[in-house]
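Fold and contact review
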Amino acid sequence: KIPLGTVPLHIQELCREAAEKYGIPVELLMAIAQRETGGTFNPTAYNPDSGATGLMQFMPDTWEAYKVDGDGDGVINIYSPADSIFSAANYLSSLAGNKMELKKDKETIISILAQYGGNPASNAAKEYANNVYLTALNFQRLDKVGLSGLVFPLKGMSLASVSSEYGMRLHPV
């Protein structure tokens with residue numbers, strides 16, 4: 001299980017704004033960003049094997065077709081978290097065709113996630129879709145039990161970037 005607090009606050013806020021605009025579940029956008037960057041939320045991530053780039057790991061042709069100026073600065077930049085998240089929401093919305101709810105539209109969401117993750121007929125894309133969906137459900141459950149207030153306070157950082165030379169510590173009692 002991945003705590004919602006591992007998603008940096010500014011990424012959560014951008015995902016909420018994009019979700020509201022495009023009718024995509026906010027948890028889905030956060031789960032894609034978490035999965036695509038391995039929990040680092042690095043906006044300049046690059047996959048040399050596939051050629052996918054940015055926070056939401058767009059392929060060049062997909063980026064050109066669905067790119068959006070998410071932050072309204074007049075420049076559309078794949079390395080801008082706002083532009084990348086809004087573009088992903090735009091892409092998912094066009095695949096879905098209408099507003100989606102996480103639990104109600106499970107089959108549709110799994111289907112579009114498989115397409116987002118590559119060749120939808122491949123086992124790798126199906127596994128990707130299921131993993132992202134389960135992470136999104138986990139984020140939704142944590143939000144409902146009130147744990148979403150625990151957020152990582154540093155912009156651009158996540159728990160994946162925190163380290164300690166002291167190792168695991170246990171309470172002495």
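To be clear, the structure that these remarks concern was listed above.
In this report, the structure presented in the accompanying data block is examined. (Residues numbered from 1 in each chain as written. Predicted model: local features only at pLDDT ≥ 70, side-chain atom pairs only at ≥ 80, totals over all residues. Heavy atoms only, no water.)

Things to note about the nonpolar core
- Counting 46 residues, the largest nonpolar core has Leu28, Leu29, Met56, Ile85 and Tyr116 as its most contacted members.
- Of all the secondary structure elements, the ones that give two or more residues to this core are α1 (9–22), α2 (26–37), α4 (81–96), α5 (106–116) and α6 (123–144).
- Every residue in contact with Leu28, bar those within four places of it in the chain, is listed here: Met100, Leu102, Ile109, Leu113, Val132 and Ala136. (Core = buried A, V, L, I, M, F, W, Y, C linked by side-chain atoms within 4.5 Å. Buried < 20%, exposed > 50% of the residue type's maximum accessible area, 1.4 Å probe, protein only. Helix = DSSP H or I, 4+ residues; strand = E, 2+ residues; numbered from the N terminus. Contact = heavy atoms within 4.5 Å.)

Examining unusual backbone geometry
- Its identity as a non-glycine residue notwithstanding, Phe41 has a phi of 55 degrees, on the positive side.
- Structurally, Phe41 is set in the loop between α2 and α3 (60–66).

Overview of the environment of Val26
- Relative to the elements of secondary structure, Val26 occurs in helix α2.
- The sequence separation of Val26 and Arg16 amounts to 10 residues, and the corresponding C-alpha distance is 5.3 Å.
- Discounting chain neighbours no more than four positions away, the residues touching Val26 are Gln12, Cys15, Arg16 and Ala19.

Regarding α5
- Every buried residue of α5 is listed here: Ile109, Ile110, Ile112, Leu113, Ala114 and Tyr116.
- Gly118, located one to two residues past α5, shows a positive phi value of around 130 degrees.

Honestly, it's all geometry; don't read function into it.
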